[in-house]
Amino acid sequence: MTDIQAPAPGESPATRDDDAPDRVRNGLLVALACALAVLVLHALSGLLAEVHYQDVVDEIAAMPSSRLLWAVLATAASYLALTGYDSSALRYAGATVGRGTVMLTAFIAYALSNTVGLGVLTGGAVRLRLYSAAGVEAQQVAQAVGFNAVAFGVGMTTFGAMGLAWGAPALATTLGVPALLLEGAAALTLAGMLAFVLLCRQRRSVMIHRHWQLELPPAGLVLRQLLISGFDLAFAAAALWCLLPDGAVPLPSFVAYYVVGIALGVLSHVPGGLGVFEAVILLACAGRVPAEQVAGALVIYRVIYYLLPLAVAVLMLAAYELRSGAAAPFARAAVRMLPAVLASVTVMTGVALLMSGMTPLADDVAELQALHVPLPLVEAAHLFGSIVGLALLFIARGLFHRLDAAWWAALVLVLVAGVLAVPKGVNIGEALALLVCASLLVVTRRQFERRSSLFEQSFEPLWWLCVATVLGVSLWMLLFAYQDVEYAHELWWQFEFDAHAPRSLRALMAVAVIALALALGQLFRVARLGVGGSTAADLNRALAVLERQSSADAYLALMGDKQFLFSDSGEAFIMYGQRGRSWIALFDPVGPQREWAELVWRFKEMAHARGGRAAFYQVRPQTLPIYLDAGLRVYKLGEEAHVPLAEFSLKGPRRANLRHGVNRAEREGLTFEVIPCEQVPHWLPALRVVSDAWLNEHDTQEKGFSLGAFDEAYLARQSVAVVKRGEQLVAFASLLHSPQNSEATLDLMRHLPDAPNGTMDFLFVRLLLHFQAQGFERFGLGMAPMSGMIAHPLATRWHRLGRLVFEHGERFYNFRGLRSFKDKFEPVWEPRYLAAPGGIAPLLALTDTAALISGGLRGIISKG
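Rules of the game
- Each chain has its residues counted from 1, following the order in which its sequence is written.
- The model is predicted, so local features are restricted to residues of pLDDT at least 70 and side-chain atom pairs to those at 80 or more, both for listing and for counting; the totals for chains, interfaces and linings are taken over all residues.
- Hydrogens and water molecules were not included; the side-chain quantities draw on all heavy atoms of the structure.
- Each helix corresponds to a stretch of at least 4 residues labelled H or I by DSSP, and each strand to a stretch of at least 2 residues labelled E; elements are numbered beginning at the N terminus.
- The buried label goes to any residue with under 20% of its type's maximum accessible area, the exposed label to any with over 50%, and the partly exposed label to all in between, with areas taken from a 1.4 Å probe on protein chains only.
- When checking whether two residues touch, look at their non-hydrogen atoms; a contact exists if any pair is within 4.5 Å.
- A 1.4 Å probe and the Shrake-Rupley method give the accessible areas. Residues count as covered only by the protein chains that appear here.
- The criterion for an aromatic pair is that two Phe, Tyr or Trp rings (for Trp, the six-membered ring) have centres within 6.5 Å, with stacked assigned to planes under 30 degrees apart, edge-to-face to planes over 60 apart and tilted to the rest.
- A pair of strands is treated as paired once DSSP finds two or more bridges between them.
- The convention used is that axes are lines fitted to C-alpha atoms, helices contributing only their stretch in contact, and that angles between N-to-C directions extend from 0 to 180 degrees.
- Polar contact is the term for a pair of N or O atoms within 3.5 Å; when the atoms are in protein, one must be able to donate a hydrogen and the other to accept it, and sequence-neighboring residues count only if both atoms are side-chain atoms.
- By definition, no residue in a patch forms a salt bridge, and every one has over 30% relative accessible area; like charges are joined within 9 Å, nonpolar side chains (Val, Leu, Ile, Met, Phe, Trp, Tyr) within 5 Å.
- Salt bridge, as used here, is a side-chain nitrogen of Lys or Arg placed within 4 Å of a carboxyl oxygen of Asp or Glu.
- Geometric relationships in this document are graded by angle, where less than 35 degrees denotes roughly parallel, more than 145 denotes roughly antiparallel, 65 to 115 denotes roughly perpendicular, and other angles denote oblique.
- It is the rotation of the near helix from the far one that decides the hand of a crossing: anticlockwise by less than a right angle makes it left-handed, clockwise makes it right-handed.
- Neither His nor the chain ends contribute to the count of charged residues, in which Lys and Arg are positive and Asp and Glu negative.
- Charge coordinates come from a single atom per side chain, which is NZ of Lys, CZ of Arg, CG of Asp or CD of Glu.
- Among buried residues, the Ala, Val, Leu, Ile, Met, Phe, Trp, Tyr and Cys ones that are joined through side-chain atoms within 4.5 Å form a nonpolar core.
- Polar here means any residue outside two lists: the nonpolar Ala, Val, Leu, Ile, Met, Phe, Trp, Tyr, Cys and Pro, and the charged Asp, Glu, Lys and Arg; Gly therefore counts as polar.

Undergrad: If you had to explain the overall build of the protein to someone new, which residues and values would you point to?
TA: Looking only at helices and strands, one finds 31 helices and 13 strands in the protein. Here the protein holds 864 residues, and the buried ones make up 51% of them. Pairs at least 24 residues apart make up 75% of the contacts formed inside the protein by residues separated by at least 6 positions. Here the protein has roughly 38,900 Å² of accessible surface; of this, 64% comes from carbon and sulfur atoms.

Undergrad: Describe the packing of aromatic side chains, naming the residues involved and giving the relevant values.
TA: The final tally for this structure, using the stated rule, is 29 aromatic pairs. Note on Tyr79 and Phe107: the rings are 5.6 Å apart at their centroids and 65° apart in plane angle, and the pair reads as edge-to-face. Taken together, the residues Tyr79 in helix H3 (residues 65–93) and Phe107 in helix H4 (residues 99–115) connect sequence positions 28 residues apart. Consider the rings of Phe764 and Phe825, whose centres lie 5.5 Å apart with planes at 25°: the pair is stacked. Placement of Phe764 in helix H27 (residues 759–773) and of Phe825 in the loop between helix H29 (815–823) and strand S13 (828–836) is noted, with a sequence separation of 61 residues between them.

Undergrad: Can you explain the sheet that holds strand S6 (residues 613–619)? Please cite residues and give values.
TA: A sheet is described by the order of its strands in space; here eleven strands give the open sequence S3-S4-S5-S6-S13-S7-S12-S11-S10-S9-S8, paired in mixed fashion. Every interior strand has two partners, whereas the edge strands, strand S3 (563–566) and strand S8 (670–675), have only one. Here the average twist between neighbouring strands, direction ignored, is 30°. For S8 and strand S9 (residues 719–725), the ladder comprises six bridges, and the chain directions are antiparallel. By the bridge assignment for S9, Thr671 is matched with Lys724. The strands touched by helix H21 (residues 536–546) within the sheet are S3 and strand S4 (573–579), with S3 carrying the most contacts at an inclination of about 60°.

Undergrad: An account of the side chain of Arg750 is needed here, citing residue identities and associated values.
TA: Checked against the element boundaries, Arg750 lands in strand S11 (residues 743–751). One polar contact links Arg750 to Glu702, side chain to side chain, over a distance of 2.9 Å. Not counting residues within four places of it along the chain, the set of residues in contact with Arg750 comprises Val690, Ser691, Trp694, Leu695, Glu702, Phe710, Ala731 and Phe732.

Undergrad: Help me get a handle on the pairing of S4, residues and values and all.
TA: Along S4, six of the seven residues are buried, which leaves the element largely enclosed by surrounding structure. Turn length for the S3-S4 hairpin, with the two strands adjacent in sequence and antiparallel, is six residues, and the turn residue Gly570 shows positive phi of about 80°. Pairing geometry for S4 and strand S5 (residues 582–586), over four bridges, is antiparallel. Bridge pairing in S5 links Gln578 to Trp583. Hairpin remark: S4 followed by S5, antiparallel, with two residues in the connecting loop; positive phi at Gly580, about 60°.

Undergrad: Can you break down a nonpolar patch on the surface residue by residue, with the values?
TA: On the surface, Leu415, Val422, Ile428, Leu432 and Leu435 cluster together into a nonpolar patch covering about 430 Å² of accessible area. At the level of elements, helix H17 (404–425) and helix H18 (428–443) are the ones that each hand at least two residues to the nonpolar patch. Its location among the elements puts Leu432 in helix H18.

Undergrad: Break down the pattern of salt bridges for me, citing the residues and quoting the values.
TA: All chains considered together, the criterion is met by 27 salt bridges. Salt-bridge contacts for Asp568 lead to Arg602; the nearest nitrogen and oxygen are separated by 3.3 Å. Taken together, the positions of Asp568 in the loop between S3 and S4 and Arg602 in helix H22 (residues 596–609) put the pair 34 residues apart, joining distant regions of the chain. A relative accessible area of 22% means that Arg602 is categorised as partly exposed. For Glu673, the salt bridge is made with Lys724, and the minimal N-O distance between the two is 3.7 Å. With Glu673 in strand S8 and Lys724 in strand S9, the pair connects residues that are 51 residues apart, well separated along the chain. Residues joined in a network through salt bridges with shared partners are Arg620, Glu640, Glu830 and Arg832.

Undergrad: An account of the packing of H4 against helix H12 (residues 291–322) is needed here, citing residue identities and associated values.
TA: One way to put it is that H4 packs onto H12 with a least axis distance of 9 Å and a crossing angle of 130°. When the interaxial angle is binned, H4 and H12 end up oblique. Between H4 and H12 the crossing geometry is left-handed. When H4 is examined against H12, the residues Leu104, Phe107, Ile108, Ala111, Leu112, Asn114 and Thr115 are found in contact with a partner set consisting of Tyr305, Tyr306, Leu307, Pro309, Leu310, Val312, Ala313, Met316, Leu317 and Tyr320.

Undergrad: Lay out the environment of Ala366 in plain terms, naming residues and giving numbers.
TA: Examined against the element boundaries, Ala366 turns out to sit in helix H15 (residues 363–372). Looking at Ala366, the relative accessible area reads 10%, which means it is buried. Between the alpha carbons of Ala366 and Asp498 there is a distance of 6.5 Å; along the sequence they are 132 residues apart.

Undergrad: Residues and numbers for a negative patch on the surface, please.
TA: A grouping of Asp363, Asp364, Glu367, Glu496 and Asp498 is seen on the molecular surface, where their side chains present a negatively charged patch. Tracing the backbone shows Asp498 in the loop between helix H19 (461–481) and helix H20 (500–523). In this structure Asp498 comes out as exposed when scored by relative accessible area, which is 54%.

Undergrad: Could you give me a rundown of the nonpolar core, with the residues and numbers involved?
TA: Among the nonpolar cores identified, the biggest contains 152 residues, and Leu240, Tyr258, Tyr301, Leu399, Phe603 and Phe616 are the most heavily contacted of them. Ranked by residue count, the leading element in this core is H12, at 15 residues. With sequence-adjacent residues up to four places away left out, Leu240 is seen in contact with Phe254, Tyr258, Phe277, Ile281, Ala297, Leu298 and Tyr301. If you look at the next biggest cluster of nonpolar residues, it comprises 46 residues, including Val720, Ala744, Leu746 and Phe762.

Undergrad: Lay out the environment of Gly560 with the relevant residues and their values.
TA: If you trace the backbone, Gly560 turns up in the loop between H21 and S3. As for Gly560 and Phe705, which are separated by 145 residues in sequence, their C-alpha atoms are 9.1 Å apart.

Undergrad: Go over the packing of helix H11 (residues 276–285) against H12 with me, naming the residues and quoting the values.
TA: Viewed as axis vectors pointing N to C, H11 and H12 meet at an angle of 145°, and their least axial separation amounts to 10 Å. Once H11 is placed against H12, the crossing between them reads as right-handed. Taking contact as the criterion, the partners of Phe277, Glu278, Ile281, Leu282 and Cys285 in H11 are, on H12, Ala291, Val294, Ala295, Leu298, Tyr301 and Arg302. Among the residues making up the contact of H11 with H12, the classes are represented as nine nonpolar, no polar and two charged.

Undergrad: Residues and numbers for unusual backbone geometry, please.
TA: A negative phi holds for most residues other than glycine; trans holds for most peptide bonds. Within the chain, Phe587 stands out as a residue other than glycine whose phi angle is a positive 65°. Here Phe587 is to be found in the loop between S5 and H22. Overall, Phe587 belongs to the buried group, its relative accessible area being 13%. The residue Phe705 is not glycine, and still its phi comes out positive at about 60°. In this fold, Phe705 is placed in the loop between helix H25 (680–698) and helix H26 (712–715). Judged by relative accessible area, Phe705 falls into the buried class, the value being 1%.

From the geometry alone we can't say anything about function, so treat these as descriptive.
If you want it as structure tokens, here you go:
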């Protein structure tokens, strides 16, 4: 039995050695993000040095409605073309999905990832949720996502090369390189693309590094995808081209600059390439047209191409919520995304309120304000609006975690800010936008059911980095908007209707002080330490839950080596072990599924509050959306086999080997018997003899956690199947089965070293027939680790590593042999996954899980 202990008092889990790679990685990411933000702001400051804020506002207001309409139509055409990416990707992966589902999923995925592109709202995560709900296997979704990424890169490269060849003379002048060099690079790129198309026409696959076989798409699919990419990029570029002033930049050069800007934005990992893309376009148009006209066009382009599709996607998801129940699996999956989407919308609302507080009012609005609104109310509304903007940045995390308190806080603050938008600046548009945000919160009320304190949250470093970035951009916006106002200490104490700069300065100071106070509060927060082990009362509570559920494996909870987290109702629980910083939950939660999501969130928060990392070991594919919603990533562990008992039979040629094996075993005098649990104590001495002989033969020790161990109290709770030769016990297996007779499986399985060949085959067959006669639906054969991994170069590194271990890891574990043994029973294979944070966390979690199973790191390398 593994001894699970909490960190010792005074020991900070965050300082342990196994977290060093995480700290280094996070430090590098933070440093890179800060450096990139500084470079982008510096570049924009230089490009906009002669531009005034009011000039940009005037250009936005003067934009002709006809150009806005053309930009909207071009955006719609671009997003329609983007759905073709998913159609091609699913065809390549061999998945069949309805056209409406493909178009809806692709639109939502691109609308969210283009604008947000973080965490659970990346395009891949959205597709995994929605396509899985539509019946597509996770492996096929992974292949489709990989195809999408490659297709996007190939499309950009191809049409970027065409634009480079077309506009080489103009680009050469800007870049200071010979035009012939640019034309040569474009020609080589296009020649390489043509060679790839010809290769796809002639061959179905190619070998890479003598290890990986790349399945090539048909040449027709490649040409189709290139055409789709062309339409997408052409319409996306047209959406901006329609908004730029005449003569801003020649069309050939613009296409090349546009592709370069998109590529640099993607490489920067900034959501939507914000700032990076703008710097490239401003540079392309420098010296040709006034910069304020280009800046105004870029602002409108961001609203039309990014925010407008996001708003449509949010409204579509809200419409699913209004369909009273959303009974279809796809609709339920779409609705489950609403909290994460609303969290993103809340962040954007907070940013908009902060930007509003940093910019001046128009002169006519200030005059109207002076006539009808008291000055103290103006000052209070302006200050409160900025503070609400900051508060929403933090409340958004609670919305993401589905907290009831966060929903109430967001609703109240958004409504109050909406009311104060009128005295703040007679800003009817801002008030209406806030009203729409409040309406979305009201519509999605039932998605925020978690009762938890908003003040108990702890924020990750990257979240603080995002807040700091927003505050930095707010400072930049203030300096840009008031670049003509000379700073003086007296500004802090000026209270007048037209004193916009002092008002914004005070708002920024208040926001910065509150953010600093919150950061210091988090820094000096006393961390709660670990929890105690399971007790007899915990085991009895768990047993009461087990007797009302249908999973046989869940009875491993009674081993006594795991701890429990029960739901508030006590009707469900998570069983878990703790080692190092890893908090490993075994299987999905046990109990009614309506309580699973809340338990997963609570377990993740409990681990995080104690300086740990939460992971869920061997979860089923049907439950992956729960873990994705909790911000975790999923990694395939292998596949689990089960035999549908209604279809099992020893008749027919396919079962000849099993049938002959059973007959041979019976001729050798082997008999089978199932010992009921009440008689097991009488058999324990004989079972102990077999178990000790098996352990000695394999030079190993008892396991635990996800594997049964020879513990007399534990075995006495189960029935046991035995195989005898005459009166001698030669093999046994402890049995787990659900009370509803839906599922059975074996747990501990041991035999004597001199047991006849085929003894275990005989035991398995007799068990299948026994439970078939008892009316059970299926019999579980257990996991085949690392099996079923995708053998494809587009597969993730995790799948490639798993495939490598499965094929070449026989020295350490009988991967292939175990799979072959179970295949003889012709089972149904179902994937099992690890849900864990990203980076190296899954490797650390698996290492700690192996230590929990083996009783320590030393046990991992022992035999058996």
